Amino acid sequence: MAADRAKSDMEFLGGRRLRRPRATAWSRAMVRETHLSSADLIWPMFVIEGHNERTGIKTMPGVERLSVDLAVEAAKAARNAGIPALALFPNTPDHLRSEGGDEAFNPDNLMCRALTAIKSAVPEIGLIADVALDEYSSDGQDGLVLDGQILNDETISVMVQSALVQAKAGADIIAPSDMMDGRVFAIRQALDQNGFEHVQIMSYAAKYASCYYGPFREAVGTGERLKGDKRTYQMDYANSDEAMREIAQDLDEGADSIMVKPGLPYLDIVRRARVNFNVPIYAYQVSGEYAMIEFASAAGSFDRQAAMIESLYAFKRAGCNGVLTYFALEAARLLNE
Ligand SMILES: NCc1[nH]cc(CCC(=O)O)c1CC(=O)O
Ligand SMILES: [Mg+2]
């Protein structure tokens, strides 16, 4: 009786059963729409002074700052795991931070030494150099500050100098993460005029003023310094149309690829970008997103590796060509198994 009843209840399906292809592993593999591999993963790495030094970061357990020699070893591991590129961020020693952020264009700064050392030891891996003043300035803002205002055009001239020393040191991709207007054009011109036409620009085009950057600021040592916030240059998280204008502008200015940041909470922006722009699109699974997965799994809320891989698939499904993620090495190794 119950079986007859169930049968008539299901007549409306007319044989359309969406569960059918999900029934076995081979069938799920066959109909899978999105694929994730180590080639999709870009590994952000924090560098410090010293030799054979590694220091922990309280708010992002499992991630360490590495001295240049250890960063070289990590780069070899990344290459062996099939990771195409690293994104480097320096933790500049306190005494070298200044109001003008001059250390940003010191050709012998920590960032440049890391770029040169990795490029010569591991030439097969791409090197992405972050350009912004927060890692070098005494107040943790991404631009020059005058009377509490972030100066746009003056900041750009410092960034251009910074990009040039990075390109000379071996950067393959310059990644301006500051959100000043016009910096992509200025950097492109300067690169071209100095024999670096082959160096790419990956623009942090749609970068939001986000609390999810908290652990990163501990990692690069800007957290305590930062007074106020970054809302006069990073985007308002209530906006989406504006992100399309930011991306269009950076592409007009000569960006080779663009980034959306943060990642998971902003996949709607990635999707819109994918529909509107036929260019390589990356997203940054930022430090706070990493921390959420680490702390929640440590508390027993879910399986750590399952959460890691599921989150990375979500980026690909939304339309990313790749993801900057602190999980890169571990995820790449898992995916290679
Ligand atoms: N130029 C700064 C920069 N570059 C990358 C991040 C954040 C990355 C992360 O949280 O993992 C930030 C922080 C900020 O804008 O304050
Ligand atoms: Mg912009």
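Scroll up to find the structure.
Here the structure is a predicted model, which means the values were calculated and not measured. (Residues numbered from 1 in each chain as written. Chains lettered and ligands numbered in written order. Predicted model: local features only at pLDDT ≥ 70, side-chain atom pairs only at ≥ 80, totals over all residues.)

Things to note about the packing of helix α3 (residues 68-80) against helix α4 (residues 110-121)
And then number 1: Put simply, α3 and α4 touch, their axes get as near as 9 Å, and they point 40 degrees apart. In this view, α3 runs oblique relative to α4, as classed from their interaxial angle. The handedness of the crossing between α3 and α4 is right-handed. Only R113, A114, A117, I118 and A121 of α4 make contact with α3, whose side of the interface consists of V68, A71, V72 and A75.
And then number 2: Of the residues assigned to the contact of α3 with α4, the class counts are eight nonpolar, no polar and one charged. (Axes fitted to C-alpha atoms, helices over the stretch in contact; angles between N-to-C directions. Helix = DSSP H or I, 4+ residues; strand = E, 2+ residues; numbered from the N terminus. Parallel < 35°, antiparallel > 145°, perpendicular 65-115°, else oblique. Left-handed = near helix turned anticlockwise from the far one by under 90°. Contact = placed C-beta atoms within 7 Å. Nonpolar A, V, L, I, M, F, W, Y, C, P; charged D, E, K, R; others polar.)

Description of the site of ligand 1
And then number 1: Near ligand 1, the surroundings consist of D130, A132, D134, D142, S177, Y213, F216, R217, K230, V286 and S287.
And then number 2: Classifying every residue of the shell around ligand 1 gives four nonpolar, two polar and five charged. (Near = placed C-beta within 6 Å.)

Quick notes on the pairing of strand β12 (residues 322-325)
And then number 1: Along β12, one buried face is formed by G322 and L324 and the opposite face, lined by V323 and T325, is buried too.
And then number 2: Two elements, strand β1 (residues 41-48) and β12, share two bridges in a ladder whose sense is parallel. Bridged to L41 within β12 is V323.
And then number 3: Alignment of strand β11 (residues 281-285) against β12, held across four bridges, turns out to be parallel. What sits directly across from A283, in β12, is V323. (Buried ≥ 20, exposed ≤ 12 C-beta atoms within 10 Å, placed from the backbone. Pairing = 2+ DSSP bridges.)

Description of the environment of Y313
And then number 1: Along the polypeptide, Y313 turns up in helix α11 (residues 304-318).
And then number 2: It is 38 Å that separates the C-alpha atoms of Y313 and G101, two residues lying 212 residues apart in sequence.
And then number 3: When residues no more than four places from it in sequence are discounted, the contact partners of Y313 are T34 and L36.

What about helix α12 (residues 328-336)?
And then number 1: Taken together, the buried positions of α12 are occupied by A328, A331 and A332. For α12, the buried positions fall inside an angular range of 100 degrees around the axis, keeping them on one side. (Arc of directions from axis to C-beta.)

Focus on the packing of α4 against helix α5 (residues 152-169)
And then number 1: In contact at an axis separation of 8 Å, α4 and α5 are set at 25 degrees when each is read in the N-to-C sense. In terms of orientation, α4 lies roughly parallel with respect to α5. The handedness of the crossing between α4 and α5 comes out as right-handed. Of the residues in α5, those in contact with M111, C112, L115 and T116 of α4 are V165, Q166 and A169.
And then number 2: Among the residues making up the contact of α4 with α5, the classes are represented as five nonpolar, two polar and no charged.

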